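In case you want the letters, here they are:
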Amino acid sequence: MAATEIVRQMGEGCRSLPLSAHVGFDSLPDQLVTKSVNHGFCFNILCVGETGLGKSTLMDTLFNTKFESEPNSHSQPGVQLKSSTYDLTESNVRLKLTVINSIGFGDQINKEDSYKPIVEFIDSQYEAYLQEELKIKRVFHNYHDSRIHACLYFIAPTGHSLKSLDLVTMKKLDSKVNIIPIIAKSDAISKSELTKFKIKITSELVSNGVQIYQFPTDDETVAEINGTMNAHLPFAVVGSTEEAKIGNKMMKVRQYPWGTIQVENESHCDFIKLREMLIRVNMEDLREQTHTHHYELYRRCKLEEMGFKDTDPDSKPFSLQETYEAKRNEFLGDLQKKEEEMRQMFVQRVKEKEAELKEAEKELHEKFDRLKKLHQEEKKKLEDKKKSLDDEVNEFKKRKTATELLQSQQAGGSQTLKREKERKNSGFL
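Being a predicted model, the structure only gives us computed values, none of them experimental. (Residues numbered from 1 in each chain as written. Predicted model: local features only at pLDDT ≥ 70, side-chain atom pairs only at ≥ 80, totals over all residues. Heavy atoms only, no water.)

Right, let's get into the sheet that holds strand 11 (residues 259-262). The 3 strands lie next to each other as 9-10-11, forming an open sheet whose pairing is antiparallel. Each edge of the sheet is formed by a strand with only one pairing partner; in this case those strands are strand 9 (243-246) and strand 11. Mean inter-strand twist for the sheet, computed between neighbouring axes without regard to direction, equals 60 degrees. In the sheet, strand 9 pairs with strand 10 (residues 249-256) via 4 bridges, with the strands oriented antiparallel. Each residue of the ladder has a partner; that of E243, found in strand 10, is K252. (Pairing = 2+ DSSP bridges. Helix = DSSP H or I, 4+ residues; strand = E, 2+ residues; numbered from the N terminus. Axes fitted to C-alpha atoms, helices over the stretch in contact; angles between N-to-C directions.)

If you want it as structure tokens, here you go:
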């Protein structure tokens, strides 16, 4: 074994010391590998693209499996995000894979706000991680990290240029997630058209300031291959779970009346390049970029909105305790101010209500007095009418009595005359 050097910080400088014998800290990488393998890994992929571009098929092809998924309805009024998590195992390495599909993207007549549900979903995952991070008792050892590590943006194989929807969406997402643009169903256009289409897409992305994920070239072991693959972006891919025998091997293909497209043939499409770059070579870098760049940007903006800073106006270190106390005092001051405003508002509302009630009471009294006066007037009219009717009744009774008396007198007189007449008649006889 070659002599190993130990570096120790000594003030501003450091010294390099040779070891006289083997110590054993060169096994640290092996320890990390063992711990990581035992714990397992997680990887989250967001698939964004219009309906019918083969997003689900490509996921099945990438991971060489058939993910169980129900057919999605595309009758929703807006874009919806559907998340599915699967446990995969390869050579004793466990991977918790989450695939998020954008359902209904590009189906609406008005596509102006199609990107908003996607941005909100990405931010919600960052917010959930931030809330877990700010807890007093954190449980990151078994916390399921749902942050998006890679966004596969599916571009329709038009052969002309990017759609406005694609440019706007990628521009809104480039600061929040690692975007890897891919040309879906690339067998729909010829090779010459595909080459021109790639150049056109790259030019439009640059001219519109869209930052896509670049495979890292700072690591010497992958610098060459990543540098080469960066020149092939966007990848032109074809996905298929159908297999056919080509020569002596079973291969994934798409069969047409005129021939067969071999998915894993690099002369036919870039599927192998995408799988190598996404999974075998740069998966850990995508996870790291998500944490150190995109999440840190979200975290910094969120904490700055909350009033936390690293330095005070004098460029001196800012104590978290001082920041907390300052924010607490500010919050209590705002709370007292709002409480006083609410109290004054309540008092004002009570006064206004009392004035309204007094006005209503006054109106009721006035209405009662008017009704009382009308009642008295009506009562007087009725009494006068009753008196008049009583007088008429009395007068009628008097007349009736007089009439009856006159009739009785007349009847008595006629009886007397009749008797006298009868007497006279009897005298003559």
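Here the largest pocket defines a volume of roughly 720 Å³. Elements with a minimum of two residues in the lining of the largest pocket: helix 1 (28-39), strand 3 (41-48), strand 4 (80-90), strand 5 (93-103) and helix 8 (283-305). A class-by-class count of the residues in the lining of the largest pocket yields 7 nonpolar, 9 polar and 8 charged. Approximately 590 Å³ is the volume attributed to the second largest pocket. Looking at the second largest pocket, it is lined by 19 residues, and the ones nearest its centre are F63, E90, L95, I279 and M283. When contributions to the lining of the second largest pocket are tallied by element, the ones reaching two or more residues are strand 4, strand 5, helix 7 (271-281) and helix 8. Classifying every residue of the lining of the second largest pocket gives 9 nonpolar, 3 polar and 7 charged. (1 Å grid on protein atoms, 1.4 Å probe; cavity = no way out; pocket = protein on both sides within 12 Å on 5 of 7 lines; lining within 4 Å. Points joined across faces, edges and corners; volume = space filled by probe spheres on them. Nonpolar A, V, L, I, M, F, W, Y, C, P; charged D, E, K, R; others polar.)

On to the UniProt feature "coiled-coil region" (unreviewed entry) in the protein chain. Taking the UniProt record as the reference, the feature "coiled-coil region" (unreviewed entry) is found at residues 321-399. Overall, residues 321-399 shows 100% helix and 0% strand. The separation of its end C-alpha atoms is 113 Å. (UniProt positions renumbered as here; feature names shortened; annotations may be inferred.)

Right, let's talk about the packing of helix 6 (residues 220-230) against helix 7 for a bit. At a minimum axis separation of 11 Å, helix 6 and helix 7 run at an interaxial angle of 140 degrees. Compared by their axis directions, helix 6 and helix 7 come out oblique. In this structure, the crossing between helix 6 and helix 7 has a hand that is left-handed. Taken together, the residues of helix 7 that come into contact with helix 6 (itself represented by V222, I225, N226 and M229) are K273, M277, R280 and V281. Of the residues in the contact of helix 6 with helix 7, the class split is 5 nonpolar, 1 polar and 2 charged. (Parallel < 35°, antiparallel > 145°, perpendicular 65-115°, else oblique. Left-handed = near helix turned anticlockwise from the far one by under 90°. Contact = heavy atoms within 4.5 Å.)

This brings us to unusual backbone geometry. Geometrically, the link from L233 to P234 is a cis peptide bond, its omega value of -5 degrees lying close to zero. Following the sequence through the fold, P234 ends up in the loop between helix 6 and strand 8 (235-236). Phi is positive for N64, which is not a glycine, with a value near 55 degrees. If you trace the backbone, N64 turns up in the loop between helix 2 (55-62) and strand 4. Using a relative accessible area of 55% as the deciding quantity, one classes N64 as exposed. For K185, which is not a glycine, the phi torsion comes out positive at approximately 50 degrees. With respect to the secondary-structure elements, K185 resides in the loop between strand 7 (179-183) and helix 5 (191-207). (Buried < 20%, exposed > 50% of the residue type's maximum accessible area, 1.4 Å probe, protein only.)

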